[in-house]
Amino acid sequence: MHDPSRAPHQVRDRAVRIQHFRPSVFSEMRDLAVRTGAVDMGQGAPAMAAPAALTAAVAAAVEKGLNQYSPAAGLPELRAAVASYRRRTTGVRYRPDTEVVVTAGATEALSAALLALCDPGDEVLAFDPCYDAYSACAELAGARLVTVPLAARDGGFVLDEAALRSGFGPRTRVLLFNSPHNPTGKVFTDEELAVVAALCREHGVIVVADEVYEHLAYDGRPHRTIAALPGMRERTLVVSGAGKTFNVTGWRIGWACGPAPLVDALLSVKQFVTFAAGTPFQAAVAGALWDVESWAVELREELSARRDLLTAGLQAAGLPAFPGEGGYFVLADVRGWGYRDDVEFCRDLPARAGVVAIPCSAFHHRANAPRWLARFAFCKSTEAVAEAVARLGAAGGAGAGR
Ligand SMILES: *Cc1c(COP(=O)(O)O)cnc(C)c1O
């Protein structure tokens, strides 16, 4: 007999491993921005233009016929350019042929690294809050994300050494380390880097260093790679890419640098995920990287001016802002408007102020994490930032409380 409640060929539509991968609050907020016409200060896609020479070089590469597979490790000229800028900007040397691999954006590098390094049951350590892909990448690898809090203290976020120490255990395989940091805007200090590095050495842990904002540390603050600390090069995979460096997030060009065994492990996964990607984009990015330092000076100036505008605007609107030391984001304290819950604040914000932000709880993993922070992106046009600031000011002035 046919039992409709128990269809014989019922499709199990997803693996247990990805059971809770669902559309996130990011898509909800993006839809809200589109539906209400609010200024979207949520998404971290840059509105700034790419270097004109870079976009012209892509067209030239396509015309020249660079339209087929590149080697799985990436075009040799891009690997050489990556090794060169890393040496110039950080002093750390990598061999282009064995210690650099090109990926489909930094995202693929992060994901392939964890798939390559973790076994089921292993633990991946990260700070809380952290970039939303980290937990998903860990789970894809069958690993568990363990987080330790970054403490909001003295108007900034600080490393809590005792908390970090307690996060390490016998199954800790990888520390995902992101500086400049999304979503807090923190740039880790030299002292903090030394503490993190010492604990990783002590516990035999590999560092996957997410440095996509490596050129975006502001106010003369240097960007330091953890790979440059004593004993760290041999245990660190540095991940970065062209997206945040040249405002070309849609090109999907990223890379990882590290000791040959770690790069080789990553490559052995990557060859069966994308194999290769974006050959003409790789060729163009290779050219632009030879002069990335002077481009980055301009980009930092532009972005830090927008950061200043946004930070002052948030303060004036009654939403105390944390310092955006680097990257694309500033966190603001929604309690300034009487809110206790960041999701509620962000759901109300389009109607109240015509602005969209992202609740920081989307980046939190701990039950006792603060739920009163909203993330505002300033990688937008100056006009958009100014408009958002004007709207927030009007809404804040119109009587904070609720
Ligand atoms: C944007 C971002 C990424 C992803 O970079 P893609 O090159 O676009 O894949 C990774 N990590 C952090 C912290 C980011 O903000």
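Let us look at the structure shown here. Not measured: the values here are computed from a predicted model.

### Observations regarding the environment of Arg 352
Argument step 1. Looking at where Arg 352 falls in the secondary structure, it is placed in helix 12 (residues 342-353).
Argument step 2. What makes Arg 352 partly exposed here is its relative accessible area of 29%.
Argument step 3. Each C-alpha atom of the pair Arg 352 and Ala 395 lies 6.4 Å from the other, and the pair is 43 residues apart in sequence.
Argument step 4. A distance of 3.3 Å separates the side chain of Arg 352 from the side chain of Tyr 339, its partner in a polar contact.

### Focus: the side chain of Asp 128
Argument step 1. Position of Asp 128 among the secondary structure elements: in strand 3 (residues 123-128).
Argument step 2. There is no salt bridge for the buried Asp 128, and the closest opposite charge comes from Arg 366, which lies 4.8 Å off by N-O distance.
Argument step 3. In this structure the side chain of Asp 128 is engaged in a polar contact, spanning 3.0 Å, whose partner is the side chain of His 364.
Argument step 4. Contacts of Asp 128, omitting those with residues within four sequence positions, involve Thr 147, Val 148, Pro 149, Leu 150, Phe 363, His 364, His 365, Arg 366 and Ala 369.

### Some details on the site of the ligand
Argument step 1. The environment of the ligand is made up of Gly 105, Ala 106, Thr 107, Tyr 131, Asn 178, Asn 182, Asp 210, Val 212, Tyr 213, Lys 244 and Arg 252.
Argument step 2. Within the side chain of Asn 182, an N or O atom sits 3.0 Å from an oxygen atom of the ligand.
Argument step 3. Between Tyr 213 and the ligand, the recorded distance is 2.6 Å, taken from a side-chain N or O atom to an oxygen atom.
Argument step 4. Against a free-state accessible area of 390 Å², the protein chains account for coverage of 93% of the ligand.
Argument step 5. Considering each element in turn, the shell around the ligand owes the most residues, three residues, to helix 4 (residues 105-117).
Argument step 6. For the shell around the ligand, the residue count by class is four nonpolar, four polar and three charged.

### Side note on the pattern of salt bridges
Argument step 1. Enumeration over the complete set of coordinates arrives at 18 salt bridges.
Argument step 2. We note a salt bridge from Glu 99 to Arg 233, for which the minimum N-O separation is 2.5 Å. Of this pair, Glu 99 sits in the loop between helix 3 (76-90) and strand 2 (100-104) while Arg 233 sits in the loop between strand 8 (206-210) and strand 9 (236-241), and the two are 134 residues apart along the sequence.
Argument step 3. Classification of Glu 99 as buried rests on a relative accessible area of 9%.
Argument step 4. The exposure class assigned to Arg 233 is partly exposed, which follows from its relative accessible area of 26%.
Argument step 5. Between Arg 335 and Asp 333 there is a salt bridge whose closest N-O contact spans 2.8 Å.
Argument step 6. For Arg 335, a relative accessible area of 36% corresponds to the partly exposed category.
Argument step 7. Of the residues examined, Asp 333 reaches a relative accessible area of 11% and is grouped as buried.

Rules used throughout
Each chain carries its own residue numbering, running from 1 in the direction its sequence is written. Per-residue local features of the predicted model are confined to residues with pLDDT of at least 70, and side-chain atom pairs are confined, for both listing and counting, to 80 or more; whole-chain, interface and lining totals are unaffected and use all residues. With hydrogens and water excluded, all non-hydrogen atoms of the structure serve as input to the side-chain values. Only DSSP runs of H or I with at least four residues qualify as helices, and only runs of E with at least two residues qualify as strands; both kinds are numbered from the N terminus onward. In this scheme, a residue with accessible area under 20% of its type's maximum is buried, one over 50% is exposed, and one in between is partly exposed, where area comes from a 1.4 Å probe on protein chains only. Under this definition, polar contacts are N or O atom pairs within 3.5 Å; protein pairs additionally need one hydrogen-donor-capable and one acceptor-capable atom, and for neighbouring residues in sequence, both atoms have to be side-chain atoms. Residues counted as positive are Lys and Arg, residues counted as negative are Asp and Glu, and His and the chain ends are not counted. Salt bridge, as used here: a side-chain nitrogen of Lys or Arg that lies within 4 Å of a carboxyl oxygen of Asp or Glu. Should any heavy atoms of two residues lie within 4.5 Å, those residues are considered in contact. For each residue, the test is whether any non-hydrogen atom lies within 4 Å of the molecule or strand; if one does, the residue is near. Method for areas: the Shrake-Rupley scheme with a 1.4 Å probe, in which residue coverage is limited to the protein chains shown. Residues are grouped as follows: Ala, Val, Leu, Ile, Met, Phe, Trp, Tyr, Cys and Pro are nonpolar; Asp, Glu, Lys and Arg are charged; all remaining types, including Gly, are polar.

So yeah, pure geometry; function would need other evidence.
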